[in-house]
Each structure stands twice: as structure tokens, then as C-alpha cells.
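Commentary on secondary and tertiary structure
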Amino acid sequence: LAGVERGERKLEDKSYRHARGALHRAQQAMAEASRLAPTMPEVHLFRGHVRAIEGDLHAASPARAAAYGAAEAAFAEAARRNPELVTAWRSLADVRYRSDDLGGALEAALEAVRRDGGDGSLREMLGIVLHALERYDDAINQYREAARLMPMEAGPMLRLGDALAD
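So, here is what we can say about the structure in this document. (Residues numbered from 1 in each chain as written. Predicted model: local features only at pLDDT ≥ 70, side-chain atom pairs only at ≥ 80, totals over all residues. Heavy atoms only, no water.)

1. Observations regarding the overall build of the chain
Summing up its helical and strand segments, the chain has nine helices and zero strands in all. Counting only C-alpha atoms, the chain reaches 45 × 45 × 30 Å along its principal axes. Counting every position in the chain, which comprises 166 residues, the buried fraction comes to 37%. Nonlocal contacts in the chain, meaning residues at least 24 apart in sequence, comprise 48% of its contacts between residues at least 6 apart. Roughly 9,500 Å² of accessible area belongs to the chain as shown, and the carbon and sulfur atoms make up 54% of that amount. (Helix = DSSP H or I, 4+ residues; strand = E, 2+ residues; numbered from the N terminus. Buried < 20%, exposed > 50% of the residue type's maximum accessible area, 1.4 Å probe, protein only. Contact = heavy atoms within 4.5 Å. Areas by Shrake-Rupley, 256 points an atom, 1.4 Å probe, with all protein chains shown as cover.)

What follows is the structure, encoded as C-alpha cells:
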């Protein structure tokens, strides 16, 4: 990002190569983890994270969509194998949001909040999805709750202001 912001193409290219290398190593580790513990929910969770990062690194839309689709499937499998794994629901909501599946993101975000309503970051995430769906009153309520739960974080208050303005 620093390379992009400063217009330094060499730094940008070098950073991208490093990120691709790290992703490759993470994929190798995931393959080994899958071999050792194929049914463990966390293996699916971490596979989802690796695939989501892969999607973030792809500039091409079809490759990005495929990686996000694989991430979504992995997060859904982690949540199926252990419904109490809130991180799986949070990650599922996030990747669906990034894939413009707002209905699916809402479903997963609601499930995450249902399982851990005291987590302010989950409330903020739910507010973001509701805001994108133009359900402003519901988003405002979630942002207020997130701000109450995370009084030292500016994000929920900034988002609250945006929702009130909208």
C-alpha cells in the first residue's frame, strides 16, 4: 500500500511478490493441516482465511470471485462443523459482503451477533451490512451498541454519523 500511495512501482511489485510468497507458504501449510486433521473446524476456518487473502490479491474479477467463493465454502463448512465458532460466522459475513452478497452477509452477521452479542466489532459489522442494505434505523441501532461496547474506538461513531446523515 505504501508503494501504491507513493507511486513507487518497484516497491509495489516487491511487496506483491512477498505477499504472493507468503500466500503460497500458507497454502502449503493448509494442505498439510488438511491432511492431518481434515474434519477439524479450524482447518476449514483457516483455509477460508487463506482463500480470502488470495481473493484480495487478485486483480482479475473472475479469479477474485473464485477465491472468495472458495473462502465462503470453507467458512460455511467451519460453521457447520462447529456452529459455536463465532469467527467462522464473522468471516462468512465478511467474505459475502466483499462478494456483494448482502443478503448472505446479513444472515451470517446476524448469526454471529446472536452467538456473541457483547462483541462490539460484530455489532459494527452487522451495522455495516444493514447500512449497505439501506436499513438505516437498524444500522444506527447497531452502531450505537457497538459504540457503547467499544467506547475507545472511533469507527462505530463515525459510521453512526454516516448512517444518521443517510
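Having seen the structure, we can now continue with the description.
2. Quick notes on the side chain of H44
Within the secondary structure layout, H44 lies in helix α3 (residues 41-57). The class of H44 is buried, set by a relative accessible area of 10%. Setting aside chain neighbours within four positions, we find H44 in contact with P38, A74, F75, E77, A78 and R81.

3. Focus on the pattern of salt bridges
Counted according to the given criterion, the structure contains 15 salt bridges. A salt bridge links E8 to R6, with the shortest nitrogen-to-oxygen separation between them at 3.1 Å. Shared partners join several salt bridges into a network, and the residues in it are E84, E111, R114 and R115. (Salt bridge = Lys/Arg side-chain N within 4 Å of Asp/Glu carboxyl O.)

4. Re the side chain of R123
Tracing the backbone shows R123 in helix α7 (residues 120-132). Despite its burial, R123 pairs with no opposite charge, the nearest such side chain being E145 at 4.9 Å. R123 has contacts with V113, G117, Q142, E145, A146 and L149, leaving out every residue within four places of it along the chain. (Lys, Arg positive; Asp, Glu negative; His and termini not counted.)

5. Considerations on the packing of helix α8 (residues 136-149) against helix α9 (residues 155-165)
Running from N to C, α8 and α9 cross one another at 160 degrees; their axes reach a closest spacing of 9 Å. The angle between the axes of α8 and α9 places the two elements in the roughly antiparallel class. As for the relative orientation of α8 and α9, their crossing is left-handed in sense. Residue-level contacts link Y136, I140, Y143, R144, A146 and A147 of α8 to P156, M157, R159, L160, A163 and L164 of α9. The class makeup of the residues in the contact of α8 with α9 is ten nonpolar, no polar and two charged. (Axes fitted to C-alpha atoms, helices over the stretch in contact; angles between N-to-C directions. Parallel < 35°, antiparallel > 145°, perpendicular 65-115°, else oblique. Left-handed = near helix turned anticlockwise from the far one by under 90°. Nonpolar A, V, L, I, M, F, W, Y, C, P; charged D, E, K, R; others polar.)

6. Focus on the nonpolar core
Counting 31 residues, the largest nonpolar core has L45, F75, A88, W89, L122, L126 and Y143 as its most contacted members. Mapped by element, the contributors of at least two residues to this core are α3, α4 (61-81), α5 (86-98), α6 (102-115), α7, α8 and α9. In this view, W89 contacts A79, P83, A108, E111, A112 and R115; residues no more than four positions away in its chain are not counted. (Core = buried A, V, L, I, M, F, W, Y, C linked by side-chain atoms within 4.5 Å.)

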